[in-house]
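Summary of the model geometry
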Amino acid sequence: MRASQFYIKTTREAPLEAETISHKYLTRASFIQQIAAGIFSIMPLGWRSLEKIRHIIREEMNNAGALEVTMPVVQPRSIWEESGRADTYVPPLARFSDRRDRDMVLAPTHEETVSIMGRYGITSYRDMPLRLYQIQTKFRDETRSRGGLLRVREFEMKDAYSFDADDAGLDASYDAMAEAYHNIFSRCGLDAVMVEADSGSIGGKDSAEFALLAASGEDSVLICDSDCCGYGANLEKAEFVKSPNASEDPGELEKFATPGVKTIAALAELEDVSSAKTAKAVFYAIDDQVYVVVIRGDYEVNETKLRNMMGGSEPRFATPKEVESAGFVPGSASAIGVDSAYVIADDSVVENANLLAGANEDGHHYRNSNYGRDWSADHVGDIAAAAEGCKCARCPDGHLESHRGIEVGHIFKLRTVYSEAMNVKFNDVNGRLQPSYMGCYGIGTGRLLAAAVEANHDERGMMLPKSIAPFEVVLVGVNLHNNEEVRETAESLYGQLTKAGIDTLFDDREEAAGVKFADADLIGMPVRAVVSPRSIQNGGVEIKHREQAPSDSRICSASEAVDAIEALLGG
RNA sequence: CGGGGAGUGGCGCAGUGGAAGCGCGCCUGCUUUGGGAGCAGGAGGUCGCGGGUUCGACCCCCGCCUCCCCGACCA
């Protein structure tokens, strides 16, 4: 492609609203253009990168036995009523009425339509496995979009769905997809880690997300630092082994004055002990019932674990009013002596003796509170959030490292949630009607591109991996328009590169050399070849990799340039 | 939805109750060509929208819209 025939309009400055690196670079390099909050157009350069991503995805999906389809973005609301998600989907469905006043929605995902597609033809266990995928636009009316393409409202996603006759089949489909995902990310040059994830309120048993570790990520991911177990999970899901306090005999419950002490940190400091020697009480409302949640002072509550333990309803912080009317004194709260309270306890407070706890009296706490003797709970379990340094639950020596990650893919075992609701049923070997076992598998293509930029850039611009860069090579001509030898050499090299099947951008614009170099760095093609009076004087063509400094470039003769460039590209 | 910030040429920004400016970009010509060039001449703005105050509003007042950041939320 000749740059003079293409649409490249780079800018020196990014728009005011761009804050993340990927947003700035993708905008400055004219890959994307913002139209509204969380809504973008894709420009020719961005399109090329996305097209390469799509191509890789298609190949891997096809290899995994999935068939490509397209399902509508605009859907009748009635099918969402059938699945039961018309009113429960969060964020809210974007709705509108058509001219006949029918209720329509913009699809945020496609379980409903794929279920309809599946039930059309799946009548026997012999019809499965069936794996379908599409690369399609979604619209989610997020309460807040952010970070350029990292989190948007309208976006393109590859979503795949599997139908199987039983759990074993679902496991096989899920594993096939997980393998395809590993291949996709690796072929995109991205080091994405697969970590366990919570399956969310939609149910299902297993779920995993693929995260690209990057400081700008929204996700917290915990990964075991030991080589032996490979355990990783996102913050919502992460398990860990709690470190017990030194065991001691129960002491006598003793109330003491703690004027002005409102926090665990202050309490621990006053008594000169670790916060692990305290019991912390926090207040949640679940289905409008107020609970006091008691956890050891050095841990935080994991609301997802809490939700799952309590049956799936979303917990929220209780209001001060609710806390008071339940009989608690914030700052000095505990479950001790509040008989009417609903109590949830993390196992960390159950197993450790002689903790400092609130006395439910302003300015007072207890020493030596012990579970079972001084108070008890209605529910006990693991509701603690894992954090950096916690002991790994899967291996003896490992500890968890905390990372920020960008969620670029997510796979779920849905099982029969949708097939029951949407009536995707088949006759099994015994002739009995069974719901199909479904899975769903998503990759955000735009987010993948943005994540790749977040993970691969320097101060001059993007450094996209060759498999997804808009071009593999940029051929810069300097003095093309007034130097016959330069022009002939460059044109000839461009022809050879094209013939060799190397995706080349030939910068034949009438721009100053500095402009072309700056653009090449910003767009970040993996290899740069320069033909100029100087390079010819030095023996031919100057080549360098994007990751090399200009001073590390080298000269090769025009005849060996294609081979040298291929070598630099690496395979 | 709560908190904070911002809307002035394509982009980044300044600005004053009395004739809308600067840098970059853009157009023409000439000169240039190794890190976003030089000279000269040009084009381009409903100062977010609607009301109000005023002889006069980009500026002051009221209402609204939009965008960004933090939080909440995120099958």
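So, how was this worked out
- Residues numbered from 1 in each chain as written.
- Chains lettered and ligands numbered in written order.
- Predicted model: local features only at pLDDT ≥ 70, side-chain atom pairs only at ≥ 80, totals over all residues.
- Heavy atoms only, no water.
- Core = buried A, V, L, I, M, F, W, Y, C linked by side-chain atoms within 4.5 Å.
- Buried < 20%, exposed > 50% of the residue type's maximum accessible area, 1.4 Å probe, protein only.
- Domains from an automatic or database assignment.
- Axes fitted to C-alpha atoms, helices over the stretch in contact; angles between N-to-C directions.
- Helix = DSSP H or I, 4+ residues; strand = E, 2+ residues; numbered from the N terminus.
- Parallel < 35°, antiparallel > 145°, perpendicular 65-115°, else oblique.
- Contact = heavy atoms within 4.5 Å.
- Nonpolar A, V, L, I, M, F, W, Y, C, P; charged D, E, K, R; others polar.
- Salt bridge = Lys/Arg side-chain N within 4 Å of Asp/Glu carboxyl O.
- Disulfide = S-S within 2.5 Å.
- Pairing = 2+ DSSP bridges.

Side note on the nonpolar core
Most often, soluble globular proteins have nonpolar side chains that are buried together. Phe 31 and Met 61 are the most contacted members of the largest nonpolar core, which totals 66 residues. Of the residues that make up this core, three or more belong to each of domain 1 (42-203 + 409-452) and domain 3 (471-568).

With respect to the packing of helix H1 (residues 21-28) against helix H11 (residues 445-455)
Between H1 and H11, the shortest axis-to-axis distance is 8 Å and the interhelical angle comes to 105°. The angle between H1 and H11 places the two elements in the roughly perpendicular class. Contact residues: Ile 21, Ser 22, Tyr 25 and Leu 26 in H1; Leu 449, Ala 450, Val 453 and Glu 454 in H11. Considering only residue class, the contact of H1 with H11 consists of six nonpolar, one polar and one charged.

Brief notes about the pattern of salt bridges
Within this structure, the stated rule accounts for 47 salt bridges. Measuring nitrogen to oxygen at the nearest pair gives 2.8 Å for the salt bridge that ties Arg 187 to Glu 59. With Arg 187 in helix H5 (residues 167-187) and Glu 59 in helix H2 (residues 44-63), the pair connects residues that are 128 residues apart, well separated along the chain. Of the charged contacts, one joins Arg 373 and Asp 374 as a salt bridge, the two residues approaching to 2.9 Å between their closest N and O atoms. Judged by relative accessible area, Arg 373 falls into the partly exposed class, the value being 43%. The class of Asp 374 is buried, set by a relative accessible area of 16%. One continuous salt-bridge network, built from bridges that share partners, spans Arg 77, Glu 81, Asp 87, Arg 95 and Asp 103.

Focus on unusual backbone geometry
The phi torsion of most residues other than glycine is negative, and most of the peptide bonds are trans. Here Met 128 and Pro 129 are connected by a cis peptide whose omega angle stands at 5°. Inspection of the secondary structure puts Pro 129 in the loop between helix H4 (111-121) and strand E7 (130-139). At Asn 354, a residue that is not glycine, the phi angle is positive and equals roughly 55°. Checked against the element boundaries, Asn 354 lands in the loop between helix H9 (347-350) and strand E18 (355-361).

Side note on the state of the cysteines
As enumerated under the stated definition, the model contains zero disulfides in all. Note on Cys 228: no disulfide assigned, nearest cysteine sulfur contributed by Cys 395 at a separation of 3.8 Å. Relative accessible area serves as the criterion here: at 57%, Cys 228 is assigned to the exposed category.

Brief notes about the domain arrangement of chain A
Many analyses report the size of an interface as the accessible area lost when the parts associate. Each assigned domain of chain A is listed here: domain 1 (42-203 + 409-452), domain 2 (254-381) and domain 3 (471-568). Using only C-alpha atoms to locate each centre, domain 2 and domain 3 end up separated by 67 Å.

Examining the sheet that holds strand E6 (residues 103-106)
Strand order in the open sheet formed by three strands is E4-E6-E5, with antiparallel pairing between adjacent strands. The open sheet is flanked by strand E4 (74-76) and strand E5 (94-97), the only strands paired with a single partner. The average angle at which neighbouring strand axes cross in this sheet is 35°, direction not considered. Bridge count for E5 against E6 is four bridges, and the pairing is antiparallel. Bridge assignment links Phe 96 to a residue of E6, and that residue is Met 104.

Remarks on the sheet that holds strand E19 (residues 364-369)
Taken in spatial order, the three strands of this open sheet run E13-E19-E18, and their pairing is antiparallel. With one partner strand each, in any of the chains shown, strand E13 (254-257) and E18 form the two edges of the open sheet. Strand-to-strand twist in this sheet, taken as the mean axis angle between neighbours without regard to direction, amounts to 35°. In the sheet, E13 pairs with E19 via four bridges, with the strands oriented antiparallel. Of the residues in E19, the one forming a bridge with Phe 256 is His 365. Taken strand by strand, helix H6 (residues 264-271) contacts E13, E18 and E19, and its axis lies near 100° from that of E13.

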